[in-house]
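# Examination of the molecular architecture
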Amino acid sequence: MLRHFADLLSQNVRKEDVIGRLGGEEFAILLPETTQQEASVLLERIRKTLASENLEEISPGFQYTFSAGLTELRLDHPMSCQDWMHITDQALYQAKATGRDRVCMG
């Protein structure tokens, strides 16, 4: 499943975007020169693509979803990397707490 998801992400981002696995089942995507709204559209597209995937190769009848937290790092509102990650992580927890399979903004 992790390989499948990493491949799905790779197929849906631009060459200048950076994907990394933070640990466990958590991934981060850095989207340079992308607004929060543009990032939200991208994540929704990936979420919908995943929902339509045939995952029989992983296991018969298998399906999975993903939740995402999203925070824009803006030059006119600087914050530390630690704060940025914390706000994004809180948005992820909000997505999970409000039903999963969704994108929430921090």
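It should be noted that the structure appears before, not after, this text.
The present account deals with the structure reproduced in this document. Small disclaimer: the values here were computed from a predicted structure and weren't measured.

Moving on, we get to the overall build of the protein chain. The helix and strand inventory of the protein chain stands at 3 helices and 4 strands. Along the protein chain, helices (α) and strands (β) appear in the sequence α-β-β-α-β-α-β when read from the amino end. Over its C-alpha trace the protein chain gives a radius of gyration of 14 Å, about what one expects of a compact globule, namely 13 Å for 106 residues. Viewed in the frame of its principal axes, the protein chain has a C-alpha envelope of about 50 × 30 × 25 Å. Within the span of the protein chain, comprising 106 residues, buried residues form 30% of the whole. Considering only contacts within the protein chain whose residues lie at least 6 apart along the sequence, 48% involve residues at least 24 apart. Split by element, the accessible area of the protein chain, about 7100 Å² in all, is 51% carbon and sulfur. Taking the average place of the 11 positive charges on the side chains of the protein chain and the average place of its 16 negative ones, the gap between the two points comes to 2 Å.

With that settled, consider the nonpolar core. In this structure, Phe5, Leu43, Ile46 and Phe66 are the most contacted members of the largest nonpolar core, which totals 16 residues. Looking at this core, the elements with two or more residues in it are helix H1 (2–12), helix H2 (36–51) and strand E3 (68–70). The element that contributes the greatest number of residues to this core is H2, accounting for 5 residues. Filtering out sequence-adjacent residues up to four positions away, Phe66 remains in contact with Phe5, Leu43, Ile46, Arg47, Leu50, Asp101 and Arg102.

So, on to the side chain of Ser67. In this structure, Ser67 sits in the loop between H2 and E3. For Ser67, a relative accessible area of 17% translates into the label buried. Side-chain polar atoms of Ser67 contact the backbone nitrogen of Asp101, separated by 3.0 Å. Every residue in contact with Ser67, bar those within four places of it in the chain, is listed here: Leu92, Ala95, Lys96, Arg100, Asp101 and Arg102.

Take H1 next. Regarding H1, the residues found buried are His4, Phe5, Leu8, Leu9 and Asn12. Projection of H1 onto a plane perpendicular to its axis shows the buried side chains occupying an angular sector of 135°, all on one side. Residues of H1 that are exposed and point more than 90 degrees away from the buried face comprise Arg3 and Gln11. Lining the buried residues of H1 we find strand E1 (18–23), strand E2 (26–30) and H2.

Okay, the packing of H1 against H2 next. Closest axis-to-axis distance for the H1/H2 pair is 11 Å, and the angle between their directions is 130°. One finds that H1 runs oblique with respect to H2. Remark: the crossing between H1 and H2 carries right-handed chirality. For the pair H1 and H2, the contacting residues are His4, Leu8, Leu9 and Asn12 in the first and Leu42, Arg45, Ile46, Thr49 and Leu50 in the second.

About the thresholds
- Residues numbered from 1 in each chain as written.
- Predicted model: local features only at pLDDT ≥ 70, side-chain atom pairs only at ≥ 80, totals over all residues.
- Heavy atoms only, no water.
- Helix = DSSP H or I, 4+ residues; strand = E, 2+ residues; numbered from the N terminus.
- Rg over C-alpha atoms; globule rule 2.2 N^0.38 Å.
- Buried < 20%, exposed > 50% of the residue type's maximum accessible area, 1.4 Å probe, protein only.
- Contact = heavy atoms within 4.5 Å.
- Areas by Shrake-Rupley, 256 points an atom, 1.4 Å probe, with all protein chains shown as cover.
- Lys, Arg positive; Asp, Glu negative; His and termini not counted.
- Charge placed at Lys NZ, Arg CZ, Asp CG, Glu CD.
- Core = buried A, V, L, I, M, F, W, Y, C linked by side-chain atoms within 4.5 Å.
- Polar contact = N/O pair within 3.5 Å; in protein donor to acceptor, adjacent residues only side chain to side chain.
- Arc of directions from axis to C-beta.
- Axes fitted to C-alpha atoms, helices over the stretch in contact; angles between N-to-C directions.
- Parallel < 35°, antiparallel > 145°, perpendicular 65-115°, else oblique.
- Left-handed = near helix turned anticlockwise from the far one by under 90°.

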